[in-house]
Amino acid sequence: MRFLICLLLSLSLVGCAAMDTVGESFSGISDYFSGGADNAEPPSPLVEYTPELKLEEIWQASVGVGSDEQTLKLIPAVANGKIVAADREGLVQARDTTTGKLLWEVETEANFSGGPGIGNSTVILGSSNAEVFALSLENGTQLWKAAVTSEVLSIPVIGHGVVVVRTTDGSITALNEKTGAKLWSYEVAVPALSIRGTGAPVIVDDNLIGGNDNGKLIALRLADGKFVWEASVAIPQGRSEVERLVDLDVDLIESAGVIYVSSFHGGASAASVLDGEVLWRNDTINSYTGLTSDWRYLYVSDSQGYVYQLDKRSGSSLWKQSELHNRRVTAPAVYENYVVVADLEGYVHWLGNSDGRQMARIQAADAPIDAKPLVVGDTVFIYANDGTLTALKARLP
């Protein structure tokens, strides 16, 4: 009943925020919508197996309140030997990636909701109050603050001296990295009903390519925001408005001239960077969490907690890991010959990239983990929803 009432109310709203309070309708996604653990089907219990890897915690630290139990896109970023992370209440920390030593810390009054993105010497964050902040990567000093049109729920992207921010009302805004001055903006129509979230675009050569809530990719010229091409990669299907949701809310991946993306209900797809031509579409695999890739394969976590390996050339599924069903696993990350995901109970799982079998796990936090694991060299950084930041390594026993 709570879901039906909220859904009817959300239909009268516009934008991704319309689904902010929607409850459970599909198995495995209630936490994404509502922030509560009320799955119709409970998470699968952890299975017992003989570990094939030895996992080691290198260091652990606390970054304030983390996401404060809200659906945000606060994911650490690494540059120049620093890992930078922010919490919901405006705290930003930079730590040494090797030791976890605190290098600098600043407290702002912002309600951070997306970021950080890291440029040449800047740390860029977006807030729920329609603001973008630029801090010095060296010492955390605030360099500038700029207003945008609505809440920022994606990682800011920086390239060629340009900061690109996507907001929940469908706007794409480009700012000068040094000054925060607005360079251009582009408006994309948002469906009356959409899920909460926006994926980060990618900068490829001189173009910006982003995914939208209408299931389309769009390419804009980075210098001035001029339209280059548009392509429909996710096709709405089904009778109800909910069944026809095809939001492209995952962070896009570009590899060798191909854009890879997954949709909430519209499958996973590959499209050409040049003109958006759809190269393949796998309609059976839907994801709002995200995907990653290595030299040959894609790895996708779907809305039910299944993890897949896909062939980058055809989109065909090569294996499926189903033992983490409804554990609300994060987007996967590639770590050497393994695939790493984290879950709603703070566990981090290592899967074999050849067959998806579980090889090791460790509980990195006592809170859910929504942020995609961050792999830098031989270290995996895990940022839990309660602000716990953990550095892990794996080795053969």
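Residues numbered from 1 in each chain as written. Predicted model: local features only at pLDDT ≥ 70, side-chain atom pairs only at ≥ 80, totals over all residues. Heavy atoms only, no water.

What the protein contains, in helices and strands, is 2 helices and 33 strands. Counting every position in the protein, which comprises 397 residues, the buried fraction comes to 60%. For the protein, the proportion of contacts with a sequence separation of at least 24, taken over those separated by at least 6, is 48%. Total accessible area on the protein is roughly 15,700 Å²; 48% of this is exposed by carbon and sulfur atoms. (Helix = DSSP H or I, 4+ residues; strand = E, 2+ residues; numbered from the N terminus. Buried < 20%, exposed > 50% of the residue type's maximum accessible area, 1.4 Å probe, protein only. Contact = heavy atoms within 4.5 Å. Areas by Shrake-Rupley, 256 points an atom, 1.4 Å probe, with all protein chains shown as cover.)

Throughout the structure, instances matching the rule amount to 11 salt bridges. Where arginine 357 meets glutamate 52, a salt bridge forms, and the shortest distance between an N and an O atom there is 2.9 Å. Of this pair, arginine 357 sits in the loop between strand 29 (347-352) and strand 30 (358-363) while glutamate 52 sits in the loop between helix 2 (30-34) and strand 1 (54-62), placing them 305 residues apart in sequence. With relative accessibility at 32%, the residue arginine 357 sits in the partly exposed group. Taken together, the salt bridges that share partners define one network made up of Glu52, Asp355 and Arg357. (Salt bridge = Lys/Arg side-chain N within 4 Å of Asp/Glu carboxyl O.)

All right, on to the pairing of strand 26 (residues 317-321) then. Sheet faces and side chains relate simply in a regular strand, where the side chains alternate between the two faces. Note: strand 25 (residues 307-311) against strand 26, 4 bridges, orientation antiparallel. By the bridge assignment for strand 26, valine 307 is matched with glutamine 321. Between strand 25 and the antiparallel strand that follows it, strand 26, lie 5 residues; glycine 315 among them carries a positive phi value of about 85°. (Pairing = 2+ DSSP bridges.)

Sheet strands pair via backbone hydrogen bonds, and the direction of the pair is either parallel or antiparallel. Here 4 strands make up an open sheet; going across it, the order is 19-20-21-22 and the pairing antiparallel. Either end of the sheet is taken by a strand with one partner, and the two such strands are strand 19 (253-255) and strand 22 (278-282). Averaged over all pairs of adjacent strands, the angle between their axes in this sheet comes to 20°, without regard to strand direction. When strand 21 (residues 268-272) meets strand 22, the two strands line up antiparallel, connected through 4 bridges. Residue pairing in the sheet places alanine 270 in a bridge with tryptophan 280 of strand 22. (Axes fitted to C-alpha atoms, helices over the stretch in contact; angles between N-to-C directions.)

By size, the foremost hydrophobic cluster in this structure holds 33 residues, and its most contacted members are Trp59, Val84, Val92, Phe112, Leu125 and Tyr383. Of all the secondary structure elements, the ones that give two or more residues to this core are strand 1, strand 4 (82-86), strand 5 (91-96), strand 6 (102-107), strand 8 (122-127), strand 9 (131-136), strand 32 (379-383) and strand 33 (388-395). Among the elements that line this core, the one with the most residues is strand 4, at 4 residues. Of all hydrophobic cores here, the second largest spans 27 residues; its members include Val258, Val273, Ile285 and Tyr306. (Core = buried A, V, L, I, M, F, W, Y, C linked by side-chain atoms within 4.5 Å.)

Let us look at the environment of arginine 88. Considering the arrangement of structural elements, one finds arginine 88 in the loop between strand 4 and strand 5. Within polar-contact distance, the side chain of arginine 88 engages the backbone oxygen of asparagine 111 at 3.2 Å. (Polar contact = N/O pair within 3.5 Å; in protein donor to acceptor, adjacent residues only side chain to side chain.)

Looking along the chain, the bond that leaves glycine 115 and enters proline 116 is cis, with omega of 0°. The phi angle at glutamate 69 is positive, at roughly 60°, despite the residue not being glycine. With respect to the helices and strands, the residue glutamate 69 is situated in the loop between strand 1 and strand 2 (73-74). Within the chain, asparagine 80 stands out as a residue other than glycine whose phi angle is a positive 55°. Relative to the assigned elements, asparagine 80 resides in the loop between strand 3 (77-79) and strand 4.

A separate point is the packing of aromatic side chains. One pass over the structure, following the stated rule, counts 5 aromatic pairs. Aromatic side chains tryptophan 59 and phenylalanine 381 sit 6.0 Å apart centroid to centroid with 50° between the ring planes, which places their arrangement in the tilted category. One end of the pair, tryptophan 59, is in strand 1; the other, phenylalanine 381, is in strand 32, with 322 residues separating them in the sequence. For the pair phenylalanine 112 and phenylalanine 133, a centre-to-centre distance of 5.6 Å together with 85° between the ring planes defines the contact as edge-to-face. Linking phenylalanine 112 in strand 7 (residues 112-118) with phenylalanine 133 in strand 9, this pair joins segments that are 21 residues apart in sequence. Residues phenylalanine 112 and phenylalanine 133 agree in their burial class; the two are buried. (Phe/Tyr/Trp six-rings, centres within 6.5 Å; stacked < 30°, edge-to-face > 60°.)

We now examine the sheet that holds strand 27 (residues 333-335). In spatial order, the strands read 27-28-29-30; together these 4 strands make up an open sheet with antiparallel pairing. Lying at the two open borders of the sheet, with one neighbouring strand each, are strand 27 and strand 30. Averaged over all adjacent pairs, the angle separating strand axes in this sheet is 25°, with direction ignored. Sheet analysis places strand 28 (residues 338-342) next to strand 29, joined by 5 bridges and oriented antiparallel. Along strand 29, the bridge assignment pairs valine 341 with histidine 349.

Note on placement: glycine 81 falls in the loop between strand 3 and strand 4. Through-space distance from the C-alpha of glycine 81 to that of threonine 97 is 5.7 Å; in sequence the pair is 16 residues apart. Setting aside residues no more than four positions away along its own chain, glycine 81 makes contact with Arg95, Asp96 and Thr97.

It is worth spelling out the side chain of serine 67 at this point. Tracing the backbone through its elements, the reader meets serine 67 in the loop between strand 1 and strand 2. Contact partners of serine 67, with chain neighbours within four places excluded, come to Leu72, Leu74, Arg88 and Asn385.

Before going further, it helps to examine the side chain of aspartate 343. With respect to the helices and strands, the residue aspartate 343 is situated in the loop between strand 28 and strand 29. Accessibility expressed as a relative area gives 0% for aspartate 343, which makes it buried.

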